[in-house]
Amino acid sequence: VQLQASGGGLVQAGGSLRVSCAASGRTLSSYVMGWFRQAPGKEREFVATISWGGSRTEYAEAEKGRFTISRDNAKNAVYLQMNSLKPEDTAVYYCAARSTLASTILTRARDYEYWGQGTLVTVSS
């Protein structure tokens with residue numbers, strides 16, 4: 001499966017942005033999906049994950065209440081709605097996928113099979 005992240009850009013602190021991840025090659029309905037981010041000079045970190053049907057989600061502690069992950073399997077897409085953005089949210093955001101036979105969620109980058117190229121989100125103060 002090929003993943004393409006988009007929707008990044010420049011936003012002021014306190015603003016909102018939605019990034020998207022479009023898949024091609026395979027249907028996403030049997031994949032657990034995740035969003036990760038990597039800021040300059042830092043390691044890639046977990047942001048959010050969603051099970052194949054969308055019934056289970058999990059977020060990094062700092063993102064709870066601000067970010068929402070969702071998916072539309074009919075459109076083969078996953079989204080990350082980001083509200084109340086802070087300068088420390090500035091990073092390249094990556095979507096990731098792993099095929100699964102169960103309604104699972106994954107928070108570790110090493111557990112994912114496929115990665116998109118990333119989209120840059122810059123939050124100005």
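My aim in this report is to walk through the structure given alongside it, one point at a time. (Residues numbered from 1 in each chain as written. Predicted model: local features only at pLDDT ≥ 70, side-chain atom pairs only at ≥ 80, totals over all residues. Heavy atoms only, no water.)

## Re the nonpolar core
Of all hydrophobic cores here, the largest spans 29 residues; its most connected members are L3, M33, W35, L80, M82 and Y93. Looking at this core, the elements that each hand over two or more residues are β1 (2–6), β3 (17–24), β4 (31–38), β5 (45–50), β7 (67–72), β8 (77–82), β9 (91–99) and β11 (119–124). Apart from residues lying up to four places away in sequence, L80 is in contact with L17, R18, V19, W35, V47, A48, F67, T68, I69 and Y93. Core analysis: the next-biggest nonpolar cluster, separate from the first, contains seven residues, V32, F46, L106 and Y112 among them. (Core = buried A, V, L, I, M, F, W, Y, C linked by side-chain atoms within 4.5 Å. Buried < 20%, exposed > 50% of the residue type's maximum accessible area, 1.4 Å probe, protein only. Helix = DSSP H or I, 4+ residues; strand = E, 2+ residues; numbered from the N terminus. Contact = heavy atoms within 4.5 Å.)

## So, the sheet that holds β3
Read across the open sheet, the four strands follow the order β1-β3-β8-β7; overall the sheet is antiparallel. Either end of the sheet is taken by a strand with one partner, and the two such strands are β1 and β7. In this sheet, neighbouring strand axes are inclined to one another by 15° on average, regardless of whether the strands run parallel or antiparallel. Sheet topology places β1 next to β3; five bridges connect them, and they run antiparallel. By the bridge assignment for β3, L3 is matched with A23. (Pairing = 2+ DSSP bridges. Axes fitted to C-alpha atoms, helices over the stretch in contact; angles between N-to-C directions.)

## Notes on the side chain of S20
Mapped onto the fold, S20 is located in strand β3. Owing to a relative accessible area of 17%, S20 belongs among the buried residues under this scheme.

## Description of unusual backbone geometry
With the exception of glycine, the majority of residues adopt a negative phi angle, and the majority of peptide bonds are in the trans configuration. Even without a glycine there, the phi angle at N76 is positive, about 55°. Looking at the secondary structure, you find N76 in the loop between β7 and β8. Despite not being glycine, S84 has its phi angle at roughly 50°, a positive value. In this structure S84 comes out as partly exposed when scored by relative accessible area, which is 42%.

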